[in-house]
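Listed here are the chains, written in short residue letters.
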Amino acid sequence: MKKLTVKKGAECMACLECVRACSMAFYKEFDPDKSCIQIVEKKGAVKPMVCVQCGKCASVCEAGAITKNAKGVYMINKKLCTGCGKCVEVCPFGVMVKAPEAPTTSKCIACGICAKACPMEILEVVEK
């Protein structure tokens, strides 16, 4: 299974370069609300919140637009997505995106753009 992970023991400096890279890749603008990776404060530490490919989004998609590919990554078929936002509501990590002007939702596809942008090198795409 391919997925984006945060390296154990790594410290995030909250520079938002990963957030910038993701929102630019999906929406061609820097907007933290349009990024499929979020930086959150948790237990006194700043951490990137990433999609763990749990599949909860797919389980609530009535249109059948979210399916797992051969590498274990849940993908959104933009032709089938109705933009209802149920997947955004159910995401336990808050990393599904439904921009108001976009007809469909977006999610992490483990492309690695955020990992390449991270100056601290704390993000990585791994095969598990």
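Quick caveat, the model's predicted, so the values are computed rather than measured. (Residues numbered from 1 in each chain as written. Predicted model: local features only at pLDDT ≥ 70, side-chain atom pairs only at ≥ 80, totals over all residues. Heavy atoms only, no water.)

Our focus in this paragraph is the environment of Ile 37. Along the polypeptide, Ile 37 turns up in the loop between α1 (17-27) and β2 (38-42). As for Ile 37 and Ala 21, which are separated by 16 residues in sequence, their C-alpha atoms are 9.6 Å apart. In this structure Ile 37 touches Leu 4, Cys 18, Val 19, Cys 22, Pro 48, Met 49, Val 50, Val 95, Cys 114 and Leu 123, once residues within four positions along its chain are discounted. (Helix = DSSP H or I, 4+ residues; strand = E, 2+ residues; numbered from the N terminus. Contact = heavy atoms within 4.5 Å.)

Here the focus is the pattern of salt bridges. As enumerated under the stated definition, the model contains five salt bridges in all. The salt bridge partner of Lys 34 is Glu 101, with a shortest N-O separation of 2.5 Å. Here Lys 34, found in the loop between α1 and β2, pairs with Glu 101, found in the loop between α3 (86-90) and α4 (113-117); they are 67 residues apart in sequence, far enough to count as distant. Salt-bridge contacts for Lys 86 lead to Glu 62; the nearest nitrogen and oxygen are separated by 2.6 Å. Here the residue Lys 86 occupies a position in helix α3, and Glu 62 occupies one in the loop between α2 (56-60) and β4 (66-68), the gap between them amounting to 24 residues. (Salt bridge = Lys/Arg side-chain N within 4 Å of Asp/Glu carboxyl O.)

Now for the environment of Lys 3. With respect to the helices, strands and loops of the structure, Lys 3 is situated in strand β1 (residues 2-6). Here Lys 3 is in contact with Val 52, Gln 53, Ala 110, Glu 124, Val 125, Val 126 and Lys 128, once residues within four sequence places are set aside.

Once that is clear, we can look at the state of the cysteines. Under the criterion given, the structure shown has zero disulfides. Counting only cysteine sulfurs, Cys 18 is the nearest neighbor of Cys 12, a cysteine outside any disulfide, at a range of 6.1 Å. There is no disulfide at Cys 81, and the cysteine sulfur nearest it, in Cys 87, is 6.1 Å away. (Disulfide = S-S within 2.5 Å.)

In this section: the packing of aromatic side chains. Overall, the coordinates contain one aromatic pair when judged by the stated rule. Consider the rings of Phe 26 and Tyr 27, whose centres lie 6.5 Å apart with planes at 40°: the pair is tilted. Look at Phe 26 and you get partly exposed, because its relative accessible area is 31%. The buried category is assigned to Tyr 27, whose relative accessible area is 16%. In this structure, Arg 20 packs its charged tip against the face of Phe 30, placed 4.1 Å from the ring centre. (Phe/Tyr/Trp six-rings, centres within 6.5 Å; stacked < 30°, edge-to-face > 60°. Buried < 20%, exposed > 50% of the residue type's maximum accessible area, 1.4 Å probe, protein only. Lys NZ or Arg CZ within 6 Å of the ring centre and 35° of its normal.)

What follows concerns the nonpolar core. With 32 residues, the main nonpolar core has Leu 4, Cys 18, Ile 37, Ile 66, Met 96, Cys 114 and Leu 123 as its most contacted residues. The residues contacting Leu 123, other than those within four sequence positions of it, are Leu 4, Thr 5, Val 6, Lys 7, Cys 18, Ile 37, Pro 48, Val 50, Cys 114, Ala 115 and Cys 118. (Core = buried A, V, L, I, M, F, W, Y, C linked by side-chain atoms within 4.5 Å.)

A few words on the side chain of Asp 31. Within the element layout of this structure, Asp 31 appears in the loop between α1 and β2. Although Asp 31 is buried, it forms no salt bridge, and the closest oppositely charged side chain is Lys 34 at an N-O distance of 4.1 Å. Within the structure, the side chain of Asp 31 is placed 2.9 Å from the backbone nitrogen of Asp 33, a separation counted as a polar contact. (Lys, Arg positive; Asp, Glu negative; His and termini not counted. Polar contact = N/O pair within 3.5 Å; in protein donor to acceptor, adjacent residues only side chain to side chain.)

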